[in-house]
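Geometric and topological summary
These are the residues of each chain, in order.
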Amino acid sequence: MVLVSRAVSQGLRSGFCWGRCASTVAQDVGASEIKTSGSSGCVLVSTDSAGVATVCLNRPDKLNALDMDMFTSIRDAARQLQSMPGVRAVVLKGEGKAFCAGLDIKSVMSNPLNASRLLDRPQGKIANLAQDVAFLWRTLPVPVIAAVHGICFGGGLQIALGADFRFAHPEASLSVMEAKWGLVPDMSGSVLLRELVSMDLAKELTMTARVIDGRQAKDYGLVSHLAEDPEEAARKLALEIAKRSPDAVAGAKQLFNQTWTVPVPEALRIETEIQRKLLIPPLQNTMAAASIGMKLPVQLGFKDRQGHWRGAEESDADAGNPTA
(Lines give C-alpha, C1' and ligand atoms only; values in the text may rest on other atoms or scores of the structure.)
Protein backbone atom coordinates (compact mmCIF):
# COMPACT_ATOMS: atom_id res chain seq x y z
CA MET A 1 0.00 0.00 0.00
CA VAL A 2 1.34 3.38 -0.96
CA LEU A 3 1.62 6.20 1.54
CA VAL A 4 -0.23 9.50 1.37
CA SER A 5 1.42 12.74 2.38
CA ARG A 6 0.45 14.18 5.76
CA ALA A 7 -0.72 17.33 3.98
CA VAL A 8 -3.39 15.35 2.15
CA SER A 9 -4.66 13.67 5.31
CA GLN A 10 -5.09 17.09 6.88
CA GLY A 11 -7.30 18.22 4.01
CA LEU A 12 -4.81 20.63 2.46
CA ARG A 13 -4.76 21.16 -1.29
CA SER A 14 -2.73 18.39 -2.86
CA GLY A 15 -3.01 15.59 -5.36
CA PHE A 16 -1.94 12.06 -6.08
CA CYS A 17 -2.60 9.46 -8.73
CA TRP A 18 -2.55 5.81 -9.60
CA GLY A 19 -1.38 4.42 -12.93
CA ARG A 20 -0.35 6.66 -15.81
CA CYS A 21 -1.40 10.22 -14.93
CA ALA A 22 -2.31 13.09 -17.21
CA SER A 23 -1.19 16.67 -16.64
CA THR A 24 -4.34 17.43 -14.64
CA VAL A 25 -2.60 16.63 -11.37
CA ALA A 26 0.20 19.07 -12.04
CA GLN A 27 -2.31 21.89 -12.08
CA ASP A 28 -2.95 21.43 -8.34
CA VAL A 29 -0.81 23.64 -6.13
CA GLY A 30 1.75 21.53 -4.31
CA ALA A 31 0.56 18.38 -6.04
CA SER A 32 2.41 15.14 -5.45
CA GLU A 33 2.07 11.84 -7.30
CA ILE A 34 1.61 8.41 -5.79
CA LYS A 35 1.56 5.37 -8.01
CA THR A 36 0.72 1.72 -7.70
CA SER A 37 2.22 -0.97 -9.87
CA GLY A 38 -0.40 -0.21 -12.54
CA SER A 39 0.86 1.16 -15.83
CA SER A 40 -2.10 1.71 -18.15
CA GLY A 41 -5.26 2.68 -16.26
CA CYS A 42 -5.26 5.86 -14.20
CA VAL A 43 -7.22 7.44 -11.38
CA LEU A 44 -6.53 11.03 -10.36
CA VAL A 45 -7.25 12.19 -6.82
CA SER A 46 -7.01 15.73 -5.48
CA THR A 47 -8.28 17.50 -2.36
CA ASP A 48 -9.10 21.15 -1.77
CA SER A 49 -8.89 23.35 1.30
CA ALA A 50 -12.50 22.51 2.25
CA GLY A 51 -11.66 18.82 2.49
CA VAL A 52 -13.49 17.85 -0.70
CA ALA A 53 -11.66 15.14 -2.62
CA THR A 54 -12.16 14.67 -6.36
CA VAL A 55 -11.62 11.20 -7.81
CA CYS A 56 -11.31 11.26 -11.59
CA LEU A 57 -11.46 8.15 -13.79
CA ASN A 58 -8.89 9.01 -16.42
CA ARG A 59 -8.86 6.79 -19.51
CA PRO A 60 -10.67 9.24 -21.77
CA ASP A 61 -9.38 7.60 -24.94
CA LYS A 62 -11.23 4.44 -23.86
CA LEU A 63 -14.25 6.26 -22.40
CA ASN A 64 -12.83 5.37 -18.97
CA ALA A 65 -13.49 1.68 -19.57
CA LEU A 66 -12.29 -0.66 -16.84
CA ASP A 67 -9.09 -2.62 -17.49
CA MET A 68 -7.20 -4.43 -14.72
CA ASP A 69 -5.14 -1.38 -13.79
CA MET A 70 -8.32 0.69 -13.49
CA PHE A 71 -9.81 -1.89 -11.14
CA THR A 72 -6.80 -1.91 -8.81
CA SER A 73 -6.37 1.87 -9.03
CA ILE A 74 -9.98 2.62 -8.09
CA ARG A 75 -9.77 0.16 -5.20
CA ASP A 76 -6.52 1.71 -3.95
CA ALA A 77 -7.93 5.23 -4.20
CA ALA A 78 -11.02 4.31 -2.17
CA ARG A 79 -8.93 2.58 0.50
CA GLN A 80 -6.63 5.56 0.85
CA LEU A 81 -9.49 8.05 1.14
CA GLN A 82 -11.14 5.81 3.73
CA SER A 83 -8.26 6.43 6.14
CA MET A 84 -7.86 10.20 5.64
CA PRO A 85 -9.62 12.06 8.49
CA GLY A 86 -9.31 15.47 6.81
CA VAL A 87 -11.48 14.45 3.84
CA ARG A 88 -15.10 15.59 4.29
CA ALA A 89 -16.67 14.53 0.96
CA VAL A 90 -15.74 12.87 -2.33
CA VAL A 91 -16.79 13.81 -5.86
CA LEU A 92 -16.46 10.91 -8.30
CA LYS A 93 -16.24 11.82 -12.00
CA GLY A 94 -14.99 10.68 -15.37
CA GLU A 95 -12.57 12.53 -17.64
CA GLY A 96 -13.53 13.29 -21.21
CA LYS A 97 -16.79 12.36 -22.93
CA ALA A 98 -17.96 9.64 -20.53
CA PHE A 99 -18.28 8.74 -16.88
CA CYS A 100 -17.35 5.11 -17.52
CA ALA A 101 -18.17 2.78 -20.42
CA GLY A 102 -17.94 -0.33 -18.26
CA LEU A 103 -15.65 -3.32 -18.66
CA ASP A 104 -12.86 -3.17 -21.23
CA ILE A 105 -13.59 -6.73 -22.30
CA LYS A 106 -10.84 -7.00 -24.89
CA SER A 107 -8.18 -5.90 -22.41
CA VAL A 108 -9.45 -7.90 -19.44
CA MET A 109 -10.00 -11.14 -21.38
CA SER A 110 -6.58 -10.95 -23.01
CA ASN A 111 -5.23 -12.75 -19.93
CA PRO A 112 -7.12 -15.89 -18.80
CA LEU A 113 -6.01 -15.29 -15.21
CA ASN A 114 -7.82 -11.96 -14.97
CA ALA A 115 -11.20 -13.57 -14.34
CA SER A 116 -9.85 -15.15 -11.18
CA ARG A 117 -8.17 -11.91 -10.15
CA LEU A 118 -11.51 -10.12 -10.40
CA LEU A 119 -13.81 -12.78 -8.95
CA ASP A 120 -11.80 -14.56 -6.24
CA ARG A 121 -12.65 -13.17 -2.82
CA PRO A 122 -9.77 -12.71 -0.35
CA GLN A 123 -10.17 -14.63 2.87
CA GLY A 124 -12.00 -12.62 5.52
CA LYS A 125 -13.40 -10.09 3.03
CA ILE A 126 -16.97 -9.73 1.83
CA ALA A 127 -16.12 -8.46 -1.66
CA ASN A 128 -13.78 -9.40 -4.50
CA LEU A 129 -11.81 -6.93 -6.63
CA ALA A 130 -14.64 -6.46 -9.15
CA GLN A 131 -17.06 -5.63 -6.33
CA ASP A 132 -14.60 -3.45 -4.42
CA VAL A 133 -14.56 -0.69 -7.04
CA ALA A 134 -18.26 -0.01 -6.40
CA PHE A 135 -18.90 -1.27 -2.88
CA LEU A 136 -15.89 0.38 -1.20
CA TRP A 137 -17.42 3.81 -1.74
CA ARG A 138 -20.14 2.77 0.72
CA THR A 139 -17.54 2.08 3.39
CA LEU A 140 -16.01 5.56 3.28
CA PRO A 141 -17.16 7.59 6.32
CA VAL A 142 -17.92 10.55 4.05
CA PRO A 143 -20.53 11.19 1.36
CA VAL A 144 -19.48 10.08 -2.12
CA ILE A 145 -21.19 12.00 -4.92
CA ALA A 146 -21.03 10.72 -8.50
CA ALA A 147 -21.18 13.22 -11.37
CA VAL A 148 -22.47 11.29 -14.39
CA HIS A 149 -22.21 12.53 -17.95
CA GLY A 150 -22.01 10.84 -21.33
CA ILE A 151 -21.90 7.05 -21.18
CA CYS A 152 -22.39 5.18 -17.91
CA PHE A 153 -22.69 1.50 -18.78
CA GLY A 154 -22.33 -1.79 -16.93
CA GLY A 155 -19.54 -1.60 -14.38
CA GLY A 156 -19.53 2.17 -14.73
CA LEU A 157 -23.16 2.32 -13.62
CA GLN A 158 -22.42 0.06 -10.66
CA ILE A 159 -19.58 2.37 -9.60
CA ALA A 160 -21.99 5.29 -9.73
CA LEU A 161 -24.58 3.32 -7.76
CA GLY A 162 -21.96 2.75 -5.06
CA ALA A 163 -21.97 6.49 -4.39
CA ASP A 164 -24.35 8.04 -1.87
CA PHE A 165 -25.70 10.55 -4.39
CA ARG A 166 -25.73 10.74 -8.17
CA PHE A 167 -26.04 13.88 -10.30
CA ALA A 168 -26.58 13.09 -13.97
CA HIS A 169 -26.88 15.14 -17.14
CA PRO A 170 -30.36 14.75 -18.67
CA GLU A 171 -28.81 13.39 -21.86
CA ALA A 172 -26.46 10.95 -20.13
CA SER A 173 -26.80 7.32 -21.26
CA LEU A 174 -27.08 4.66 -18.54
CA SER A 175 -27.45 0.91 -18.79
CA VAL A 176 -27.11 -2.31 -16.84
CA MET A 177 -25.23 -3.51 -19.90
CA GLU A 178 -23.96 -6.95 -18.80
CA ALA A 179 -26.70 -8.96 -20.56
CA LYS A 180 -25.33 -7.74 -23.89
CA TRP A 181 -22.27 -9.88 -23.19
CA GLY A 182 -24.16 -12.82 -21.67
CA LEU A 183 -23.29 -11.77 -18.11
CA VAL A 184 -24.99 -10.48 -14.97
CA PRO A 185 -24.02 -7.38 -12.95
CA ASP A 186 -21.31 -8.65 -10.61
CA MET A 187 -19.77 -5.49 -9.15
CA SER A 188 -22.13 -5.44 -6.12
CA GLY A 189 -25.03 -4.45 -8.37
CA SER A 190 -27.38 -6.90 -6.64
CA VAL A 191 -26.91 -5.00 -3.37
CA LEU A 192 -26.89 -1.49 -4.83
CA LEU A 193 -29.91 -1.87 -7.12
CA ARG A 194 -32.19 -3.33 -4.47
CA GLU A 195 -31.99 -0.16 -2.39
CA LEU A 196 -33.01 2.08 -5.29
CA VAL A 197 -35.54 0.25 -7.45
CA SER A 198 -38.16 -2.48 -7.20
CA MET A 199 -37.18 -6.05 -8.00
CA ASP A 200 -39.20 -6.20 -11.21
CA LEU A 201 -37.53 -3.05 -12.54
CA ALA A 202 -34.08 -4.33 -11.57
CA LYS A 203 -34.80 -7.54 -13.47
CA GLU A 204 -36.14 -5.67 -16.50
CA LEU A 205 -33.14 -3.34 -16.73
CA THR A 206 -30.75 -6.26 -16.25
CA MET A 207 -32.39 -8.70 -18.65
CA THR A 208 -32.87 -6.18 -21.48
CA ALA A 209 -29.62 -4.19 -21.11
CA ARG A 210 -31.80 -1.27 -22.17
CA VAL A 211 -30.10 2.12 -22.50
CA ILE A 212 -31.96 4.91 -20.72
CA ASP A 213 -31.22 8.62 -20.47
CA GLY A 214 -30.71 10.69 -17.36
CA ARG A 215 -34.36 11.71 -17.19
CA GLN A 216 -35.55 8.11 -17.20
CA ALA A 217 -32.89 7.19 -14.66
CA LYS A 218 -34.19 9.95 -12.40
CA ASP A 219 -37.77 8.70 -12.81
CA TYR A 220 -36.65 5.16 -11.95
CA GLY A 221 -34.73 6.31 -8.86
CA LEU A 222 -31.28 5.41 -10.17
CA VAL A 223 -30.26 9.08 -10.16
CA SER A 224 -30.67 11.53 -7.27
CA HIS A 225 -30.73 14.77 -9.29
CA LEU A 226 -30.45 16.02 -12.86
CA ALA A 227 -28.01 18.83 -13.67
CA GLU A 228 -26.69 20.49 -16.81
CA ASP A 229 -23.28 20.47 -15.11
CA PRO A 230 -23.24 17.36 -12.89
CA GLU A 231 -19.74 17.98 -11.55
CA GLU A 232 -20.55 21.52 -10.46
CA ALA A 233 -23.77 20.36 -8.80
CA ALA A 234 -21.96 17.51 -7.07
CA ARG A 235 -19.27 19.87 -5.79
CA LYS A 236 -21.89 22.29 -4.47
CA LEU A 237 -23.50 19.53 -2.41
CA ALA A 238 -20.10 18.30 -1.23
CA LEU A 239 -19.18 21.79 0.01
CA GLU A 240 -22.52 22.11 1.79
CA ILE A 241 -22.05 18.81 3.63
CA ALA A 242 -18.38 19.57 4.35
CA LYS A 243 -19.51 22.40 6.64
CA ARG A 244 -21.26 19.97 8.97
CA SER A 245 -19.81 17.87 11.77
CA PRO A 246 -17.74 15.13 10.10
CA ASP A 247 -18.72 12.71 12.86
CA ALA A 248 -22.43 13.44 12.41
CA VAL A 249 -22.08 13.01 8.65
CA ALA A 250 -20.22 9.72 9.09
CA GLY A 251 -22.84 8.61 11.59
CA ALA A 252 -25.69 9.49 9.24
CA LYS A 253 -24.15 7.50 6.40
CA GLN A 254 -23.55 4.51 8.67
CA LEU A 255 -27.06 4.81 10.10
CA PHE A 256 -28.90 4.48 6.80
CA ASN A 257 -26.47 2.03 5.20
CA GLN A 258 -26.81 -0.33 8.15
CA THR A 259 -30.54 0.01 8.89
CA TRP A 260 -32.19 0.26 5.46
CA THR A 261 -32.94 -3.44 5.06
CA VAL A 262 -32.82 -4.81 8.62
CA PRO A 263 -35.77 -5.51 10.96
CA VAL A 264 -37.10 -2.59 13.01
CA PRO A 265 -35.67 -3.75 16.39
CA GLU A 266 -32.19 -4.01 14.89
CA ALA A 267 -32.53 -0.62 13.17
CA LEU A 268 -33.51 1.04 16.45
CA ARG A 269 -30.57 -0.61 18.23
CA ILE A 270 -28.10 0.63 15.62
CA GLU A 271 -29.63 4.11 15.74
CA THR A 272 -29.06 4.30 19.51
CA GLU A 273 -25.50 2.99 19.30
CA ILE A 274 -24.54 5.57 16.67
CA GLN A 275 -26.09 8.37 18.73
CA ARG A 276 -24.06 7.27 21.77
CA LYS A 277 -20.88 7.70 19.73
CA LEU A 278 -21.90 11.25 18.85
CA LEU A 279 -22.99 12.30 22.33
CA ILE A 280 -19.76 11.29 24.06
CA PRO A 281 -17.38 13.89 22.56
CA PRO A 282 -17.60 17.25 24.36
CA LEU A 283 -17.46 18.95 20.99
CA GLN A 284 -21.20 18.51 20.54
CA ASN A 285 -21.91 20.32 23.81
CA THR A 286 -19.57 23.08 22.71
CA MET A 287 -21.43 23.63 19.45
CA ALA A 288 -24.84 23.44 21.13
CA ALA A 289 -23.81 26.09 23.65
CA ALA A 290 -22.52 28.34 20.88
CA SER A 291 -25.87 28.13 19.08
CA ILE A 292 -27.58 29.86 22.02
CA GLY A 293 -24.92 32.53 22.41
CA MET A 294 -22.95 31.16 25.36
CA LYS A 295 -19.31 32.19 25.71
CA LEU A 296 -17.01 29.25 25.49
CA PRO A 297 -13.43 28.72 26.56
CA VAL A 298 -12.54 26.74 23.44
CA GLN A 299 -12.29 27.65 19.78
CA LEU A 300 -15.34 26.72 17.75
CA GLY A 301 -15.14 24.51 14.72
CA PHE A 302 -15.34 20.83 13.91
CA LYS A 303 -12.27 18.69 14.43
CA ASP A 304 -11.21 15.93 12.08
CA ARG A 305 -13.46 12.90 12.04
CA GLN A 306 -12.84 10.28 14.72
CA GLY A 307 -11.21 7.05 13.60
CA HIS A 308 -13.97 4.66 14.66
CA TRP A 309 -16.10 5.56 11.61
CA ARG A 310 -13.56 4.27 9.09
CA GLY A 311 -14.87 1.32 7.12
CA ALA A 312 -17.53 0.59 9.74
CA GLU A 313 -19.89 -1.12 7.31
CA GLU A 314 -17.17 -3.30 5.82
CA SER A 315 -15.80 -4.22 9.26
CA ASP A 316 -19.21 -5.25 10.55
CA ALA A 317 -19.83 -7.39 7.49
CA ASP A 318 -16.39 -9.00 7.70
CA ALA A 319 -17.20 -9.94 11.27
CA GLY A 320 -20.16 -11.96 10.06
CA ASN A 321 -22.81 -9.28 10.49
CA PRO A 322 -23.75 -8.15 6.95
CA THR A 323 -25.26 -4.71 6.91
CA ALA A 324 -26.24 -4.28 3.28
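These remarks concern the structure in this document. This structure is a prediction, so every number in the text was calculated from the model and none was measured.

This paragraph deals with the nonpolar core. In this structure, Leu-81, Val-90, Trp-137 and Ile-159 are the most contacted members of the largest nonpolar core, which totals 53 residues. Examining the composition of this core, we find that 7 residues originate from one element, helix α2 (residues 68-82), more than from any other. Not counting chain neighbours up to four residues away, the residues in contact with Leu-81 comprise Val-45, Ala-53, Val-55, Val-87, Val-90, Trp-137 and Leu-140. Val-52, Ala-89, Ala-233 and Ala-234 belong to the second largest nonpolar core, which has 14 residues in total.

Once that is clear, we can look at helix α8 (residues 199-208). Residues of α8 that are buried include every one of Leu-201, Ala-202, Leu-205 and Thr-206, and no others. Across the axial projection of α8, the buried residues extend over an arc of 130 degrees, all falling on one side. Across from the buried face of α8, at angles greater than 90 degrees, the exposed residues are Met-199, Asp-200 and Met-207. Where the residues of α8 are buried, they touch α7 (189-194) and α9 (214-220). Following α8 by one or two positions, Ala-209 has its phi on the positive side, about 55 degrees.

Note: strand β5 (residues 144-148) against strand β7 (residues 165-168), 4 bridges, orientation parallel. In the strand pairing of β7, Val-148 is matched with Ala-168. When β7 meets strand β10 (residues 225-226), the two strands line up parallel, connected through 2 bridges. Of the residues in β10, the one forming a bridge with Ala-168 is Leu-226.

Next up on the list: the packing of α2 against helix α5 (residues 129-139). One way to put it is that α2 packs onto α5 with a least axis distance of 9 Å and a crossing angle of 25 degrees. With respect to α5, the element α2 is oriented roughly parallel. Like other packed secondary-structure pairs, α2 and α5 cross with a definite hand, here left-handed. Every residue of α5 that contacts α2 at Met-68, Phe-71, Thr-72, Ile-74, Arg-75, Ala-78, Arg-79, Leu-81 and Gln-82 is listed here: Leu-129, Ala-130, Asp-132, Val-133, Leu-136, Trp-137 and Thr-139.

Counted by the stated rule, this structure contains 0 disulfides. With no disulfide of its own, Cys-56 lies 8.2 Å from the sulfur of Cys-42, the closest cysteine sulfur. Cysteine Cys-100 is unpaired, with the sulfur of Cys-152 as its nearest cysteine sulfur at 7.1 Å. Residue class for Cys-100 comes out buried when judged on its relative accessible area of 0%.

A word on the packing of helix α11 (residues 246-259) against helix α12 (residues 264-279). Remark: α11 packs on α12, axes separated minimally by 10 Å, with the N-to-C direction vectors making an angle of 170 degrees. For the element pair α11 / α12, the angle class is roughly antiparallel. When α11 is examined against α12, the residues Asp-247, Ala-248, Gly-251, Gln-254, Leu-255, Gln-258 and Thr-259 are found in contact with a partner set consisting of Ala-267, Ile-270, Glu-271, Ile-274, Lys-277 and Leu-278. The class makeup of the residues in the contact of α11 with α12 is 6 nonpolar, 4 polar and 3 charged.

In this section: the packing of aromatic side chains. Note on aromatic pairs: each is described by the distance of the centres and the angle between the planes. Under the criterion given, the structure shown has 1 aromatic pair. On the numbers, 6.1 Å between centres and 75 degrees between planes, the contact of Phe-256 with Trp-260 is edge-to-face. What makes Phe-256 partly exposed here is its relative accessible area of 46%.

Let us now look at the environment of Val-43. Looking at where Val-43 falls in the secondary structure, it is placed in strand β2 (residues 42-47). Along the primary structure Val-43 and Met-70 are separated by 27 residues, whereas in three dimensions their C-alpha atoms are 7.2 Å apart.

Rules of the game
Residues numbered from 1 in each chain as written. Predicted model: local features only at pLDDT ≥ 70, side-chain atom pairs only at ≥ 80, totals over all residues. Heavy atoms only, no water. Core = buried A, V, L, I, M, F, W, Y, C linked by side-chain atoms within 4.5 Å. Buried < 20%, exposed > 50% of the residue type's maximum accessible area, 1.4 Å probe, protein only. Helix = DSSP H or I, 4+ residues; strand = E, 2+ residues; numbered from the N terminus. Contact = heavy atoms within 4.5 Å. Arc of directions from axis to C-beta. Pairing = 2+ DSSP bridges. Axes fitted to C-alpha atoms, helices over the stretch in contact; angles between N-to-C directions. Parallel < 35°, antiparallel > 145°, perpendicular 65-115°, else oblique. Left-handed = near helix turned anticlockwise from the far one by under 90°. Disulfide = S-S within 2.5 Å. Nonpolar A, V, L, I, M, F, W, Y, C, P; charged D, E, K, R; others polar. Phe/Tyr/Trp six-rings, centres within 6.5 Å; stacked < 30°, edge-to-face > 60°.

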